[in-house]
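Listed below are the residues making up each chain.
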Amino acid sequence: MNVPFLDLKTHHAACRRELVDAINAVIDAAAFAGGPFVTRFEEDFACFCEARHAVGVSSGSDALWLTMTALGIGPGDEVITVPMTFIATVEAISRTGARPVFVDIEQATYTMDPAGLERAVTSHTKAIIPVHLFGQMPDMAPILDFARARGIVVIEDAAQAHGARYDGYRAGTLGTAGCFSFYPGKNLGAFGEAGAVVTQDVRLADRIRALRDHGQVRKYHHVEIGWNCRMDGIQAAVLQVKLRYLEDRNEWRRKHAAHYARALAGIAGLVLPICRPSRTHVSHIFAIRVADRKSFMRHMESRGIGCGIHYPVPVHLQDAYACLGHRCGAFPVAERCAAEFVSLPMYPELASGQIDAVVQAVVGALHPSPAYA
Ligand SMILES: *Cc1c(COP(=O)(O)O)cnc(C)c1O
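Each value, and the rule that gives it
- Residues numbered from 1 in each chain as written.
- Predicted model: local features only at pLDDT ≥ 70, side-chain atom pairs only at ≥ 80, totals over all residues.
- Heavy atoms only, no water.
- Pairing = 2+ DSSP bridges.
- Helix = DSSP H or I, 4+ residues; strand = E, 2+ residues; numbered from the N terminus.
- Right-handed = clockwise from strand over helix to strand, strands pointing away.
- Salt bridge = Lys/Arg side-chain N within 4 Å of Asp/Glu carboxyl O.
- Buried < 20%, exposed > 50% of the residue type's maximum accessible area, 1.4 Å probe, protein only.
- Near = heavy atom within 4 Å.
- Polar contact = N/O pair within 3.5 Å; in protein donor to acceptor, adjacent residues only side chain to side chain.
- Areas by Shrake-Rupley, 256 points an atom, 1.4 Å probe, with all protein chains shown as cover.
- Nonpolar A, V, L, I, M, F, W, Y, C, P; charged D, E, K, R; others polar.
- Domains from an automatic or database assignment.
- Contact = heavy atoms within 4.5 Å.
- Buried area = accessible area lost by both parts, 1.4 Å probe.
- 1 Å grid on protein atoms, 1.4 Å probe; cavity = no way out; pocket = protein on both sides within 12 Å on 5 of 7 lines; lining within 4 Å.
- Points joined across faces, edges and corners; volume = space filled by probe spheres on them.
- Arc of directions from axis to C-beta.

1. Digging into the pairing of strand β3 (residues 99-102)
As defined by bridge partners, strand β2 (residues 78-81) adjoins β3 across four bridges and the pair is classed as parallel. Bridge pairing in β3 links E78 to R99. Each parallel crossover has a hand, and the one from β2 via helix α5 (residues 88-96) to β3 is right-handed.

As structure tokens, then:
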């Protein structure tokens, strides 16, 4: 049985009529760049996130950059984040002119280890960006306490965690702002590029609204130098439809993760993801760890199972960040994970038979003895 890593076609089949109607409504209204569809989606998304304000923007990367820019972060400042993330988190810091500073991740949850903050902080630190990797929030309480005590802001990179919770609080609402991506493969995905910032702070929301539209507060009245980071109307209309399904689809993902965890429990040579009890995981990615990834992936491929690696090179060892001068061994947990991670197929529409096929292939890859054949 072939199991693709991701299956967006099936994902959209269930609501295709609604999606086409929504796109037609945008064409009829000719409201393509910003406009009423974006405003309506912002209201719905703020409501979903249990946040006061949501600002629709052009991508998750821009959401991060706009938020830092609106908070006055720039050259001479330092921003702390993790090296085990998609590079966009770190690029956004660089684009403001600030310097990215890393702390390692926790062995158990693959998210920011609060114990690393003390060593990373300096008098130049302006923000901490924890990343809700794979759909689970980090241990936010000590991160927030650490930041509050030093007058540092916390910006959540929630690009992989739409709907996740920590102690009951939605992803994006614990920090000063939460940044979301609606890249097509994310738990809430557009038909192109889009992102959003959520915040409780009306002044921050207003400043981001101006910055995303060339610093404009009234037509052709520009109070500061911004850029074009608007969300477009078609993306907003599509996202508004898909948002109605999100809670349900996240629940399906959680069920699949539980199915994987049950079926793979106790198998030697395999590390399973851990979900902390006080957190609601939205299972964006189901990453296991294996020692011999190369032969494992070869076996999975031979069985028709699509796998991914998130992420094979931690950001501090990327050529693009050679300028920071980090060496191998600087962030050992991130480095070990980068060498061992394998992402199994994970999407709401996975059928139970497909999960069984993945499980069988995993067992076959790790224990190629006749007893398991
Ligand atoms: C996807 C992603 C981003 C960037 O979002 P884009 O919409 O692709 O710009 C940032 N951070 C993380 C953790 C992501 O997964």
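2. Here's the deal with the pattern of salt bridges
Considering all chains together, one arrives at 17 salt bridges under this definition. Of the charged contacts in the structure, one is a salt bridge between R170 and E247, with a shortest N-O distance of 3.4 Å. Taken together, the residues R170 in strand β7 (residues 169-170) and E247 in helix α9 (residues 233-264) connect sequence positions 77 residues apart. Note on R170: relative accessible area 6%, which makes it buried. Across the salt bridge formed by E340 and R336, the nearest N and O atoms sit 3.2 Å from each other. Taken together, the residues span about one helical turn, with E340 and R336 both in helix α11 (residues 332-340) at a distance of four residues. The buried category is assigned to E340, whose relative accessible area is 12%. Its relative accessible area of 47% is what places R336 among the partly exposed residues. Where salt bridges share partners, they join E50, R165, R170 and E247 into one cluster.

3. Points about the site of the ligand
Taken together, 14 residues form the shell around the ligand, and within it G60, S61, D157, S181 and K186 come nearest. Between an oxygen atom of the ligand and a side-chain N or O atom of K186, the distance comes to 3.1 Å. Relative to its unbound accessible surface of 380 Å², the ligand loses 93% to contact with the protein. Residue assignment for the shell around the ligand shows that the elements contributing at least two residues are α4 (60-70) and α5. Grouping the amino acids of the shell around the ligand by side-chain chemistry returns five nonpolar, seven polar and two charged.

4. Observations regarding the domain arrangement of the chain
Here the domain parsing of the chain yields domain 1 (8-103 + 110-243) and domain 2 (247-372). With centres defined by C-alpha atoms, the gap from domain 1 to domain 2 works out at 26 Å. Domain 1 puts 36 residues into the contact, and the matching count from domain 2 is 35 residues. Buried surface at the junction of domain 1 and domain 2, summed over both partners, amounts to about 3,000 Å²; 59% is from carbon and sulfur atoms. Counting every contact that joins domain 1 to domain 2 gives one salt bridge. Connecting domain 1 to domain 2 are 19 residue pairs in polar contact (both at pLDDT 80 or more). Tallied by class, the residues present in the side of domain 1 that touches domain 2 amount to 18 nonpolar, eleven polar and seven charged.

5. Section: empty space enclosed by the protein
The tally for this structure, following the rule as stated, stands at three cavities of 30 Å³ or more. Approximately 80 Å³ is the volume found for the largest cavity. What lines the largest cavity is simply H11, C15, N187, L188, K242, Y245, L246 and R249. Top contributing element to the lining of the largest cavity by residue count: α9, with four residues. Counted as a void, the second largest cavity has a volume near 70 Å³. Together, 14 residues line the second largest cavity, and L8, H11, K186, R253 and P348 are the ones closest to its centre. Considering only residue class, the lining of the second largest cavity consists of five nonpolar, four polar and five charged. Two domains each provide a minimum of three residues to the lining of the second largest cavity, namely domain 1 (8-103 + 110-243) and domain 2 (247-372).

6. Some details on helix α10 (residues 293-302)
Within the sequence span of α10, burial applies to R293, F296, H299 and M300. Angular distribution of buried residues about the axis of α10 spans 130°; they occupy a single face of the element. Residues of α10 that are exposed and point more than 90 degrees away from the buried face comprise K294, R298, E301 and S302. Residues of α10 that are buried make contact with β13 (286-289), α11, β14 (341-344) and α12 (352-366). Positive phi appears at G304, one or two residues downstream of α10, with a value of about 80°.

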